[in-house]
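These are the residues of each chain, in order.
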Amino acid sequence: EKHVLISNASTKGFSLTCSPNPVFSNGKLTIKAPAGEKLKVVIYNELGKQVVIAFEGVVNTTEEVSINDLKSGSYTARMENTKGVITEEKIIVSK
């Protein structure tokens, strides 16, 4: 599956961060985007297989999502909208 990464110019105001990273416990993703933006945050494993949709809907500037259900391993969280991938964050989970 091919992912189109949107240019930096059109991604201003968007961010996706994981804390703590690496995740030992109480991991969370913080999603920031302009209010009213419709997006999806999908977590993929190291083989590129979708593991879970962490968030899908309209953002109210900042959303926090628990990722405590992830097993130990390496993941990539991708923030996507209808135009493509806005940004991504590498996540290491070590439990």
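Each remark here, short or long, concerns the structure printed above.
Here goes a summary of the coordinates provided. As the structure is a computational prediction, the values presented were derived from the model and not from experiment. (Residues numbered from 1 in each chain as written. Predicted model: local features only at pLDDT ≥ 70, side-chain atom pairs only at ≥ 80, totals over all residues. Heavy atoms only, no water.)

Now for the sheet that holds strand β6 (residues 73-81). Taken in spatial order, the four strands of this open sheet run β4-β3-β6-β7, and their pairing is antiparallel. For this open sheet the edge positions go to β4 (50-58) and β7 (84-93), each flanked by a neighbour on one side alone. The average undirected angle you get between the axes of adjacent strands in this sheet is 15°. (Pairing = 2+ DSSP bridges. Helix = DSSP H or I, 4+ residues; strand = E, 2+ residues; numbered from the N terminus. Axes fitted to C-alpha atoms, helices over the stretch in contact; angles between N-to-C directions.)

Residue position: glutamate 63 is located in strand β5 (residues 62-66). C-alpha separation for the pair glutamate 63 and threonine 30, spaced 33 residues apart in sequence, amounts to 5.8 Å. Once residues lying within four places of it in the same chain are set aside, the contact partners of glutamate 63 are Leu29, Thr30, Ile31, Phe55 and Val58. Within the local environment of glutamate 63, its side chain forms a polar contact with the backbone nitrogen of asparagine 60, the two atoms lying 3.0 Å apart. (Contact = heavy atoms within 4.5 Å. Polar contact = N/O pair within 3.5 Å; in protein donor to acceptor, adjacent residues only side chain to side chain.)

Before going further, it helps to spend a moment on the packing of aromatic side chains. Any aromatic ring pair is given by two values, namely how distant the centres are and how the planes are angled relative to each other. Under the counting rule described, the total for this entry stands at zero aromatic pairs. Over the ring of tyrosine 44 we find arginine 78, and its NZ or CZ is 4.8 Å from the ring centre. (Phe/Tyr/Trp six-rings, centres within 6.5 Å; stacked < 30°, edge-to-face > 60°. Lys NZ or Arg CZ within 6 Å of the ring centre and 35° of its normal.)

Time to look at the pairing of strand β2 (residues 28-32). When strand β1 (residues 15-19) meets β2, the two strands line up antiparallel, connected through five bridges. By the bridge assignment, serine 15 is partnered in β2 with lysine 32. Relative to β5, β2 runs antiparallel, the two being bridged by five bridges. For threonine 30, the partnering residue across the bridge sits in β5 and is glutamate 64.

Let's shift gears to the pattern of salt bridges. Enumeration over the complete set of coordinates arrives at two salt bridges. As a salt-bridge pair, lysine 28 and glutamate 64 come within 3.5 Å of each other at their nearest N and O atoms. A residue pair is termed long-range when its members are at least 10 positions apart, and lysine 28 in strand β2 and glutamate 64 in strand β5 qualify at 36 residues. Residue glutamate 64 is classed as exposed on the basis of its relative accessible area of 53%. (Salt bridge = Lys/Arg side-chain N within 4 Å of Asp/Glu carboxyl O. Buried < 20%, exposed > 50% of the residue type's maximum accessible area, 1.4 Å probe, protein only.)

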